[in-house]
Structure formats: structure tokens, C-alpha cells
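As a plain string of letters, each chain reads:
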Amino acid sequence: MPDPTPRQLDDVENEIYRRTRIAGDDFVDRHASLHIETVPAVPVAPAVPVAPAVPVAPAVPAAPVPPAADPARPGAAPDGADPGRVISLAGRWLMAGHEPRRQFSIDHWTAPAGRKPAGEPPSWWREDTDRGGWIPARVPGTVQAALVEAGLMPDPFWDSGTYDELTAHGTPAEWPWHFRRTRAERQEWWLARTFTLPASWRGHRLRLAFDGIDYAATIYLNGAPLRHHTGMFGGPEIDVTDLVRFDAGNEVVVRIFPPPRDWHGVPKGSPGWGWHYGHLISMGVWRDVTVEAVPDVEVLDPFVRTVSLDSGRAGLRVRYDVVNHGTVPVRVRLTGRLEHPDGTGATGFENTVTAQPGTNRYETAVTVESPAVWWPMGYGGQPLYRLALDASAARDGGGEVSAAGTACEFGIRTVEMATVPDWQGEEYYRWQFVVNGRRMFVKGANWCWTDPLLGGGSGKDEHLLELARRANLQMLRAWGGGMIESDDFYRACDRKGILVYQEFPLSFGLPEAPDTDLGVLDRQVSRVVRRLRNHPSLVLWGGGNENARPTGADESHILMGRRCTQYDPSRPFHRTSPWGGGAHNYVVYHEGQPIDSGYRGVDAVMYGEYGTSSQSGRQSMLRFLPEEKLREWPPPEDGGIMQHQSQFGLFDLVKQLRYADYGPVTGWDEMIEYSQMAQGDALRFASEMIRAGSGRHTSGYLFYKLTDLFPGASWSVVDFYGVPKLSYYRARQFSRPRSGFAVYEKLDWGPGERFRADVHVANDSPVPLRGASVTSSVYGADLRLLHRRESRVSVGDDDRVLAHALDIDLGGDGGGVFLLDVALRDADGALLSDQWYWFNAHPKTARVRRIEARPIDELADEPVRELIRAYAEPRPAPLLEFPRTRLRLEVAEAAGGGELVLRNIGDVVAFNVIVDGFGHGYGDYLEDNGIGLHPGEERRIRYETAAGRIDASRLSARAWNAPRVTVSPPGPLPTPTVPATTAGDPE
């Protein structure tokens, strides 16, 4: 869909990428710039019966080399690869470490006699090395995980283990403790394992391939150096045909060097350096290692993109490389099958090409009739096609050669960017996502990778992504301080319809070369783009996080943009975030500004980061701290407590308390609940402010953030263990696709002021909302109804309307606490959304007012426990002083889940109703929490559990104005005073 608006920043930057010849690696530059030969597709009927599509990896041979006969070969072949030509070296390796030693160094030359560095670098690549004292290490895995498993390093997540290591042994000693290097991070680590090859592979070309080394290493095979490699997202692949043995075992050795001193310009997840959340700089062979028997001709890097989608047909372009390892041209016949997602049929085609020695790139056009189109969640299904490319090859004049085809999954969908009307000009990107021709207002969050030890297979990411889907978080920004996410992550997003904005892991300023190694960057970016570009969930590439000011001529970003547009013309590239009309807003929290004025003071078309930090729940805290450390308040400056704060000190609590002071905070339980509530308040205010501009002024929000990298306090709404905070449920409430919500200037209204708010209805769905009603109800401090207004609205698909404006004289209730409930119901009266707002909820003591009047940086020099103690002083807590009511809780079980039935059986509103005791293991999901209930109102909250049952004895419910109740048996209840309703999102 061409955008008719004037030239935008996208056009300016794309022109630069087309003109420039910047490169970091000459081989990559030649590979990326290969001529693409267009080949006519000859339609053919599929040659084989089509089975239902399953995920595959790009290695399905049509004519494999003889199979491996060794039944005890270690590990397994990568998913989808032919086990007959791939041996995995995953499993048990051996590991040892030592301090780096340099024979010729400045330290050696300048040290006085008798104090020169002793020892020589070890020669542990030698085959005669005695590895009897080496410890076991798992591959894939990390050095740190192996040390923990061997009992040589304390659990980095428990108590003060990391703090103790860094304060006792970390260097440089003059740095703050959380930036220092641990002993493990200062060492070189050697990993080794032996393997045998099947005799049937003798005479074939063989390749040793590494899918992920973290971060720099030298590789040896049978005592011979093979390659030095830098970069954790793939490589190297090395021809070892002449180096392997068939009559004896082979030994591969990997020498891993200490990580770089600084994360700037290093494409690697950066928080582990100690600037954010925790400290652990991962090292290791963290992805699979394989030995492959390579055919004479390989088909590699398949890429399917949708170029048109209309009139019941899809126009596709299928691109692939044919690598001819021989020395003469070969004739290659490729038979393609685009297998339908439901397994009922396929579109077949055939290409015939002459492949010159080396790499040849081809593209063919294929039309799919009546396509099954992939949609983001809430807009349709997520069908995935499978491309299978079989290959056969022969030399001119006769004689077959071995050939291997390839396969990949893909979705039929288009993604384009449109200009948001209020943001036209060359300084602004086109920020509105257009998927399959439909303009979307995007609701989402930032995603941080979930395990600094780089473990996998626990089901954690699947659980977290399902939480995102259930919260209607349509887009995840794979944050540039984090990682390039895994194939499993992207497959899950493909299935769930979650859009992904993938940034390259470069954060907080990208220095020019040589501090940023353009060779490493070039090689890594090219690998990543080719690996991920078939995933329909991926809609935007980004050049990193907060790299706002160019250095030099901005070579690094231009290089990344050039490679993305060369290898993947199907989706846009943005230089960084914030940039081009986007914003990150931390004047709230880091600068201590109020939620209302702090967020309203920053205008942007897309908010890419914003939020506040909060504590994990008590049960999660007990998984990383001993219980006795949670008994003292204000907490002591204990290493375990400081290690698990978001910025490594008790001053984090002072920042949180500025927003979490709903009443005196006298212990951890109040701190936990209030900080999570405040986080939800801040996120909702900003998100709904942004949503109220949809259409002309804003295109979406990505709050910071969904997930955690380390256990402890952070900006996440789901903690390290996958447990949702109260702020997660608030995010779920304000991100509903159909939502009634209020936007207002401020959170505190003085006596005599008229309360003003605009009430909007958004319908971010493909189905018009007709005949709906939105009701705004205002309650005073005694929970009497002060004002109610109802409007009938109809909202088109992907549209928003202003339902009504509130302009209320609060009379004698002015200046005191009051509540606003905005409820949206469909034409049949079913509740679609229900939002409760509170005002004048934070009365301050004189001492707290004096504290908060000072610049927050000045407070960092004050005794921190005294600042925390100020928030514990007695004062009113208006949200906890409402008239009391009573609740009833029942459980209605069903297969795999059921419903929690909550009812307000009192005479006044039940404010902030919280369910406690739900399990929250992986695969356990609770639909809602932290809700409001009118007198007599019943809410049925769905749940699912991985075990299929719920432990009702652990469940309870309470409100901030109702005592805790446990589960009651089903029975007669008082007649409700308002109609019973059931909340839920539209199907």
C-alpha cells in the first residue's frame, strides 16, 4: 500500500543505504551484494503426499550422502536436519580455566626485576594435554553454569553470592562493586571433547559448525588451530575434510577469552556488565556444535516474502542460494512445494539453473491461490506454510553429483509502514504498522531475555509469551540491551500472533570504529537477518537501544541498515530507539517527576520505553533471599538485598516510594504491594494518554517491560520466575482490544476544582462495535455515588471515539479521595472492559514533601535508611480507609481450569479486589486480578493450570476495604443489587 504522504525519515535513510558502500567484512559484502538471477517458476503438481506442516531447520537433503552408522554418536541432529549427515557434539564436554598470561606485554617490560609476571600461556590445545582434573561442562551452556554445577561457584541468583564475590575479589577495585569483574570473568576457559566419525563418511567433504560461541574464541581440531572467531550469534563454519581422522578419535578444543572490558559497540546482551538488574557476563559455547557431511551442491538461506495480497491470491518471491562446492558448473533442478498449513494441498513449482562454482543466488515468483493469511493476534489466525526445496544436480555432459535441498516455515502476510498524520517530515519515521493492508494501533511491551546463564528448554519463554498473548500485548520490542532471540522464541511468536521489533544488541551509544568492530558487526548482522527473516512475527529491525547521537559518520548504523535492506527487503529498519518521533520517558522515576505532568510533558508518536520499578512478590523474594532478611525495616544495606535491587542499592526503594506511598510503608509486604500498584498506575496513565491520540497523533506504546533477566526488583510486570505482578493485570486491563478508558490532566484535584476527564472507547479489532454503552461512575470518600453518566457508542473497526467529557463539581468531596469507574458493555450488556481510577490518593507528610521537593540526585547523598523511614511515619491512607464491605469466593472447576467466582456481598464498592494463593507455575494462568466490584456484583475470573487442578486450600481473596476470605462452598447468596456481569475480551 503506497503511502501518499511526503518524504519521511525512512526515505532519507533508505537512500543512504542504497548509496553507501560501507562494509566491515569483504566476504560478507560480496555475499550480500550477489547478483540475484530471476528464474521462471514452472508450475508442477506436488510430487509427494503432503503431511501437516511442522517446524523445520534449514537442512533437508534430497540426495544425502551415506548415513552415519554410529548408533552412539553424541547428541542429536538439529531439528529438521537429516541425522544421516549431521552429528551433534552437544552434551558433556570438559572444561578448565586459567588467568590470561602474556609472554610479551607492557606488564612484563615495566615490572621491576623479581616481580615480572610468571608463567607462560598454557598449550591446552595439544592432544597430549592431561585433562584428568578438568570439570564437566554442558554444551550448549555457559562457563558459569558449569562452575555452579560443579560446586565451584555459588548460585549467582541466591542471596549475596555475586555481591560477596565482587566486593572480595572483583577488579578493578576502584570501580563500583557491580561493575567489577568476577574471577571467572577474568579467566580464559578451555572446553574440549572427543568424537568419532562413521567410516561411511570417508571421502566426503566435512564441516565443523558452531551455532553460538560467547563471545570470542580460538578453535582447534586434533591439535591444529582452525579459526579465531568473535560474535555470539553464529559461526564459524570450517572445512575440516583434511583434518579429521576415521581410524581414531578426534578432539575439538575451544579456547574462550575473557569478555570485552566494556559493552559499548559489542553485539552482546549488556546488563550483565553491571549497569542494570544484576551482574553476570556470560561466556561459553551456548548453542550447538555439529559436524556435517556436506554434499557437492547445497541449497541454503531460503527466503519467502509476500509482495502482493489481493483478489484471493498471494504473490510470493522465493529466494535461495545454491552453493556449488565443485570447480565446474553444474545443472541443478529444484522442485519446490509450498505446503498448505492444514496439510490439504500444496503449490508446486520447478526451477532449473546452472550453478557456477561458489555461491549463486536465485529468485522465482510463485502465486498461491486462496491463501491462508497470517494475522497478528486478534485479527485472524496464524497459519504457517512450509517451503520444501528438493534439489538434484548433474554435470554438463552427464554424471550426477550429490545435492541437498532445504526447507523453512513462513507466513503469508505483508507489513508496511504508514505516516501518522501529525508527524510528517524528514525527521520522522512512518510509525504506523500496516499488516495485510490494515492499519494498527499497537499495544505492547519491551522484552528482555530471560536467563543470564543462557539456559533453555525449561518452558519459561513459552510461558512468558503466553502471558503476553493473554494480556493482548500485540508487539514485543526485543530490547537492544538484550539479545537476538532464539528460533524457538520466534516460532512461538509466529504461532501466537505476537509481533516482534528486533533490535540488534547494542546499547547506550555506539562508538565508531575501531571501538565498534565493524567486521564482527557485519558478520553477525548478516547471519541474524538471514536466520530470522522468514518469521511472519518479525516486523521491524532496529539498530539498538538509545544510540541517539551519531559518532563519526554513523558507520555502524548505516552498515546495519544496509545489510538489513539487502538481505531483507520485506520489512523496515529503524536506526535506534528513541529516534524519528519515538520517545523514551524516564523523567517519571529516574528524575522523580510526578506521573501526570511527567508523562504529559513528553510528546511522541510512539512511546518505546516508560515505566517504574517494583519489587517481586514475597514468595518470589524467598527464592533469592533468606526469610530473615525480610524482617527488618528499613532494610539494612545488606549485600543480598542490594544485589537484588534494580540499580544495586537501597536508593532504589526511595525512588519507588515516591510513587508507592498509598499509606505508611512499614515493611516489605507493603513495599511489595504498593510498588506493584504504583507501577500499574504509572503504566496505565501513560498508555491511555497515548491511546487517546490514536488515529492522527500516536501509533502505539511499548512499555518497559514484560520480562526479567535477574531475580529481584525491576521494571518488569512479570518477575524472573514467571509470576505476574499486580502491574501485569493492570497492563492486561488497559491493553484490552475493546476498552473504555479515561484521560485526565492530573491525579490530584484541590477543593473547589472541577474534575474533568475525557472518556474514550477504542476498538482495536477488525469487527465494528455497535450499540455499546460506556458508563462513568464517580464515588466519594464514603463510596457514595456522586455522578454517573452513560453514553451509547458505535465504533468502527480499528477506530476510537470520544464517548463523553466529564466536568464535575465534587462539592464537599473536593480535595478528598475519590474513585472513577469506566465500564464498557456491548449491545447485549456483556462487560468488555472495566477500569477503576483513584485520585487524591497520596497524602504526604511535611517531611516527605520536603524530601520530594529536592532534586532526586541530591537525595542520593542523604542517609538512605532515613529517607525510607520518612515514608513509614503515620499519616492518612485514604485508599485503605474506605467504608468496609465483604467478599465471597468460590471455585468452579472444569477440565484443565475453571473459574474463580468473586462476589461483593456488602453495600459499598469493593476496591482493589486481590486474589492471593494462585500457583503461577509455568502453564498456570489467571485471567484478572486487582479489580473493583460494585455492591452485589459478581465476577467470574477464568483460570488454567498445567496440572489440570487448583489447590483451593491456598486461595483467598481480599480488597483494600474488605477482609480476607477463603474459598466457600457453592450455596445461596444474597440477591445482588446490580446485574451480575462477566468480564472478558471479545473472541
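Residues numbered from 1 in each chain as written. Predicted model: local features only at pLDDT ≥ 70, side-chain atom pairs only at ≥ 80, totals over all residues. Heavy atoms only, no water.

- As annotated in an unreviewed UniProt entry, the protein carries the name beta-mannosidase and comes from Streptosporangium fragile.
- Under the Sequence similarities (unreviewed entry) heading, UniProt states for the protein: "Belongs to the glycosyl hydrolase 2 family."
- Within the UniProt record for the protein, the comment given under Catalytic activity (unreviewed entry) is "Hydrolysis of terminal, non-reducing beta-D-mannose residues in beta-D-mannosides." (UniProt positions renumbered as here; feature names shortened; annotations may be inferred.)

**Re the overall build of the protein**
Then, number 1: What the protein contains, in helices and strands, is 18 helices and 49 strands.
Then, number 2: For 987 residues, the compact-globule estimate of 2.2 N^0.38 gives 30 Å, and the protein sits close to it at 30 Å.
Then, number 3: Expressed along its principal axes, the backbone C-alpha trace of the protein runs to roughly 95 × 80 × 60 Å.
Then, number 4: Counting the 987 residues in the protein, one finds 60% classified as buried.
Then, number 5: Within the protein, residue pairs in contact and separated by at least 24 positions form 74% of the contacts whose partners lie at least 6 positions apart.
Then, number 6: Only carbon and sulfur atoms are counted for the fraction: they give 51% of the accessible area of the protein, which is about 36300 Å².
Then, number 7: Of note, the protein has its 106 positive side-chain charges centred 0 Å away from the centre of its 128 negative side-chain charges. (Helix = DSSP H or I, 4+ residues; strand = E, 2+ residues; numbered from the N terminus. Rg over C-alpha atoms; globule rule 2.2 N^0.38 Å. Buried < 20%, exposed > 50% of the residue type's maximum accessible area, 1.4 Å probe, protein only. Contact = heavy atoms within 4.5 Å. Areas by Shrake-Rupley, 256 points an atom, 1.4 Å probe, with all protein chains shown as cover. Lys, Arg positive; Asp, Glu negative; His and termini not counted. Charge placed at Lys NZ, Arg CZ, Asp CG, Glu CD.)

**Structural notes on the nonpolar core**
Then, number 1: Grouped together as the largest cluster of nonpolar side chains are 185 residues, with contacts concentrated most on Phe504, Tyr599, Phe703, Phe755, Leu879 and Leu900.
Then, number 2: Residue contributions to this core peak at twelve residues, all from helix 14 (residues 668-691).
Then, number 3: In contact with Leu879, not counting residues within four places along its chain, are Tyr662, Val817, Leu819, Trp838, Ala841, Phe911 and Trp960.
Then, number 4: Counting residues in hydrophobic clusters, the runner-up holds 36 residues, among them Ile213, Ile219, Val240 and Val291. (Core = buried A, V, L, I, M, F, W, Y, C linked by side-chain atoms within 4.5 Å.)

**A look at the pairing of strand 37 (residues 769-779)**
Then, number 1: Counting buried positions over the eleven residues of strand 37 gives nine, a clear majority of the element.
Then, number 2: Where strand 37 lies against strand 38 (residues 785-795), nine bridges are found, and the strand directions are antiparallel. Each residue of the ladder has a partner; that of Val774, found in strand 38, is Ser791.
Then, number 3: As paired elements, strand 37 and strand 40 (residues 818-825) share seven bridges and run antiparallel to each other. Pairing of Ser776 across the sheet is with Val822, part of strand 40. (Pairing = 2+ DSSP bridges.)

**Some thoughts on the sheet that holds strand 44 (residues 910-916)**
Strand pairing within a sheet occurs via backbone hydrogen bonds; the two strands may be parallel or antiparallel.
Then, number 1: Strand order in this open sheet of four strands is 46-44-48-49, and the pairing throughout is antiparallel. Looking at the sheet topology across the chains shown, the edges are occupied by strand 46 (931-933) and strand 49 (962-966). Strand-to-strand twist across the sheet, computed as the mean angle between neighbouring axes with direction ignored, equals 30°. (Axes fitted to C-alpha atoms, helices over the stretch in contact; angles between N-to-C directions.)

**Details of the pairing of strand 33 (residues 606-610)**
Then, number 1: Counting buried positions over the five residues of strand 33 gives five, a clear majority of the element.
Then, number 2: Taken together, the four bridges between strand 32 (residues 582-585) and strand 33 define a ladder with parallel strand orientation. Looking at strand 33, one finds that Ala583 is bridged to Tyr607.

**What to know about the side chain of His760**
Then, number 1: Relative to the assigned elements, His760 resides in strand 36 (residues 754-763).
Then, number 2: Here the side chain of His760 touches Arg800 through a polar contact of 3.1 Å, side chain to side chain.
Then, number 3: In this structure His760 touches Ala692, Ser739, Gly740, Phe741, Val743, Arg800, Val801, Leu802 and Ala803, once residues within four positions along its chain are discounted. (Polar contact = N/O pair within 3.5 Å; in protein donor to acceptor, adjacent residues only side chain to side chain.)

**Remarks on helix 8 (residues 518-532)**
Then, number 1: Here helix 8 spans 21 Å end to end across 15 residues, near enough to the 21 Å set by a 1.5 Å rise per residue.
Then, number 2: For helix 8, the tally of buried residues reaches twelve of 15 residues, placing the bulk of the element in the interior.
Then, number 3: All buried positions along helix 8 are accounted for by Leu518, Gly519, Val520, Leu521, Asp522, Gln524, Val525, Ser526, Val528, Val529, Arg530 and Leu532.
Then, number 4: The inward-facing, buried residues of helix 8 contact helix 2 (26-32), strand 10 (224-230), strand 15 (297-310), helix 7 (487-496), strand 30 (538-542) and helix 9 (555-567).
Then, number 5: N-capping of helix 8 is provided by Asp517, with a side-chain oxygen placed 2.9 Å from the backbone N of Gly519. (Expected span 1.5 Å × (residues − 1).)

**Topic: the UniProt feature "domain: Beta-mannosidase-like galactose-binding" (unreviewed entry) in the protein**
Then, number 1: Under the local residue numbering, the UniProt record ascribes the feature "domain: Beta-mannosidase-like galactose-binding" (unreviewed entry) to residues 128-259.
Then, number 2: Taken end to end, residues 128-259 is 12% helix and 33% strand, and its first and last C-alpha atoms sit 28 Å apart.

**Overview of unusual backbone geometry**
Then, number 1: In this structure, the amide linkage connecting Val139 to the following residue, Pro140, adopts the cis form with an omega of 0°.
Then, number 2: For Pro140, the location among the structural elements is in the loop between strand 5 (135-139) and helix 4 (143-149).
Then, number 3: A cis amide bond, omega 0°, links Gly235 with the succeeding residue Pro236.
Then, number 4: On the secondary structure map, Pro236 appears in the loop between strand 10 and strand 11 (237-239).

**Describing the packing of helix 14 against helix 15 (residues 726-734)**
Then, number 1: Two elements in contact, helix 14 and helix 15, have axes separated by 8 Å at closest approach and are oriented at 20°. In terms of orientation, helix 14 lies roughly parallel with respect to helix 15. Regarding helix 14 and helix 15, the two cross each other, and that crossing is right-handed. Where helix 14 approaches helix 15, its residues Glu673, Gln676, Met677, Gln679, Gly680, Asp681, Leu683, Arg684, Ser687, Glu688 and Arg691 are matched on the opposing element by Leu726, Ser727, Arg730 and Phe734. (Parallel < 35°, antiparallel > 145°, perpendicular 65-115°, else oblique. Left-handed = near helix turned anticlockwise from the far one by under 90°.)

**Quick word on the environment of Ala957**
Then, number 1: Along the chain, the position of Ala957 falls in strand 48 (residues 956-959).
Then, number 2: Residue class for Ala957 comes out buried when judged on its relative accessible area of 0%.
Then, number 3: Taking the C-alpha atoms as reference points, Ala957 and Gly640, 317 residues apart in sequence, are found 32 Å from one another.

**Regarding the packing of aromatic side chains**
Then, number 1: For the structure on display, the rule yields 52 aromatic pairs.
Then, number 2: Both rings, one in Trp125 and one in Trp190, keep their centres 6.2 Å apart while their planes meet at 25°; by these two values the pair is stacked. Of this pair, Trp125 sits in the loop between helix 3 (106-110) and strand 5 while Trp190 sits in strand 6 (residues 188-195), and the two are 65 residues apart along the sequence.
Then, number 3: Here Trp190 falls in the buried class, since its relative accessible area comes to 0%.
Then, number 4: Each member of the aromatic cluster is reached from another via a ring pair, and the members are Phe179, Trp263, Trp273, Trp275, Tyr277, Trp479, Phe508, Tyr586, Tyr589, Tyr704 and Trp715.
Then, number 5: Geometry around Phe720 places Lys460 over its ring, the cationic atom sitting 3.6 Å from the centre.
Then, number 6: Between Lys705 and the ring centre of Tyr277, over which it is positioned, the NZ or CZ distance is 4.4 Å. (Phe/Tyr/Trp six-rings, centres within 6.5 Å; stacked < 30°, edge-to-face > 60°. Lys NZ or Arg CZ within 6 Å of the ring centre and 35° of its normal.)

**Details of the pattern of salt bridges**
Then, number 1: Counted according to the given criterion, the structure contains 74 salt bridges.
Then, number 2: Two residues, Arg523 and Asp25, come together in a salt bridge whose shortest N-O distance is 2.7 Å. Taken together, the residues span a long stretch of sequence, with Arg523 in helix 8 and Asp25 in the loop between helix 1 (9-19) and helix 2 at a distance of 498 residues.
Then, number 3: Looking at Arg523, the relative accessible area reads 31%, which means it is partly exposed.
Then, number 4: Two residues, Asp487 and Arg531, come together in a salt bridge whose shortest N-O distance is 3.3 Å. Residue Asp487 is located in helix 7, and its partner Arg531 is located in helix 8; the two are separated by 44 residues in the primary sequence. (Salt bridge = Lys/Arg side-chain N within 4 Å of Asp/Glu carboxyl O.)

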